[in-house]
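# Coordinate analysis (summary)
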Amino acid sequence: MNGPARPGNLLGQLNEITGLERSDCEVRWRKAFKAMPPKHLTIQFMRRVLAHDLQCRKLGGHTAATRRLLRAALNSRGLPKPGPVIGDGAVLVREWNGRTYRVEVTADGYVLEGRTYTSLSAIARHITGAKWSGPRFFGLTKNRGT
């Protein structure tokens, strides 16, 4: 190696990670994730995870949709059933009690009246004051029994 990487040098830091020994990977893992790595992990896998974590911290993380999937997997609920795919820039329109609501789909979530929400269900709850399935509220799923 050519010495320690400078803090702003992402490529140098990634190269440094590829040369780490297991004990060094464990130290960095504890620092990054505030826990010991699981014993069964290979050094190659730990290096890849550490490199991914570094890139997320330096360049930005996952989209809101990916974070939701990861959170669901971590909560032992398994992955949620895939819902309808709505692309960035799509606009959902729903009329409720005589008022029309327009929701823009973005990479970071859903925007209603300038506020970003992480889920359509949160928006449906905001609009109605009751717990609703957001995709169902916006007409993106079929009603049960139809």
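Quick look at the structure, then. Worth saying up front: this structure is predicted, and the values here are computed from it rather than measured.

For the coordinates displayed, the defined rule picks out four salt bridges. Residues E16 and R28 are paired through a salt bridge, measuring 2.2 Å at the closest nitrogen-oxygen approach. Pair noted here: E16 is in helix α1 (residues 10-18) and R28 is in helix α2 (residues 22-33), with a separation of twelve residues, a long-range link. According to the relative accessible area criterion, R28 is partly exposed, its value standing at 29%. Salt-bridge contacts for R22 lead to E26; the nearest nitrogen and oxygen are separated by 3.5 Å. Of this pair, R22 and E26 are both found in helix α2, four residues apart, which corresponds to roughly one turn of the helix.

Quick look at helix α3 (residues 43-59) now. Compared with the 24 Å implied by 1.5 Å per residue over 17 residues, the 24 Å span of α3 between its first and last C-alpha is a close match. Listed in full, the buried residues belonging to α3 are I43, M46, V49, L50, A51, D53 and L54. For α3, the secondary structure elements touched by its buried residues are α1 and α2. Positive backbone phi, at 110°, marks G60, one or two positions downstream of α3.

Note on placement: D53 falls in helix α3. Discounting chain neighbours no more than four positions away, the residues touching D53 are A32 and F33.

Between α2 and α3, the least distance of the axes is 10 Å, while the angle of their chain directions is 40°. The angle between the axes of α2 and α3 places the two elements in the oblique class. Here α2 runs over α3; the crossing is left-handed. For the pair formed by α2 and α3, the contact residues are R22, C25, E26, R28, W29, A32 and F33 on the first element and I43, M46, R47, V49, L50 and D53 on the second. Its residues assigned to classes, the contact of α2 with α3 shows eight nonpolar, no polar and five charged.

Here we come to the packing of aromatic side chains. Going through the model one piece at a time under the given rule, you end up with five aromatic pairs. Following the ring pairs from residue to residue traces out a cluster consisting of W96, W132, F137 and F138. Lying across the ring of F137, R94 places its NZ or CZ 4.2 Å from the centre.

What follows concerns the packing of α1 against α3. In the contact formed by α1 and α3, the axes pass within 9 Å of each other and the chain directions differ by 165°. Here α1 lies roughly antiparallel to α3, going by the angle between them. Both α1 and α3 take part in a crossing whose hand is right-handed. Across the interface between the two elements, L10, Q13, L14, I17 and T18 from α1 touch R47, L50, A51, L54, Q55, K58 and L59 from α3. Among the residues forming the contact of α1 with α3, the class breakdown is seven nonpolar, three polar and two charged.

Conventions used here
- Residues numbered from 1 in each chain as written.
- Predicted model: local features only at pLDDT ≥ 70, side-chain atom pairs only at ≥ 80, totals over all residues.
- Heavy atoms only, no water.
- Salt bridge = Lys/Arg side-chain N within 4 Å of Asp/Glu carboxyl O.
- Helix = DSSP H or I, 4+ residues; strand = E, 2+ residues; numbered from the N terminus.
- Buried < 20%, exposed > 50% of the residue type's maximum accessible area, 1.4 Å probe, protein only.
- Expected span 1.5 Å × (residues − 1).
- Contact = heavy atoms within 4.5 Å.
- Axes fitted to C-alpha atoms, helices over the stretch in contact; angles between N-to-C directions.
- Parallel < 35°, antiparallel > 145°, perpendicular 65-115°, else oblique.
- Left-handed = near helix turned anticlockwise from the far one by under 90°.
- Nonpolar A, V, L, I, M, F, W, Y, C, P; charged D, E, K, R; others polar.
- Phe/Tyr/Trp six-rings, centres within 6.5 Å; stacked < 30°, edge-to-face > 60°.
- Lys NZ or Arg CZ within 6 Å of the ring centre and 35° of its normal.

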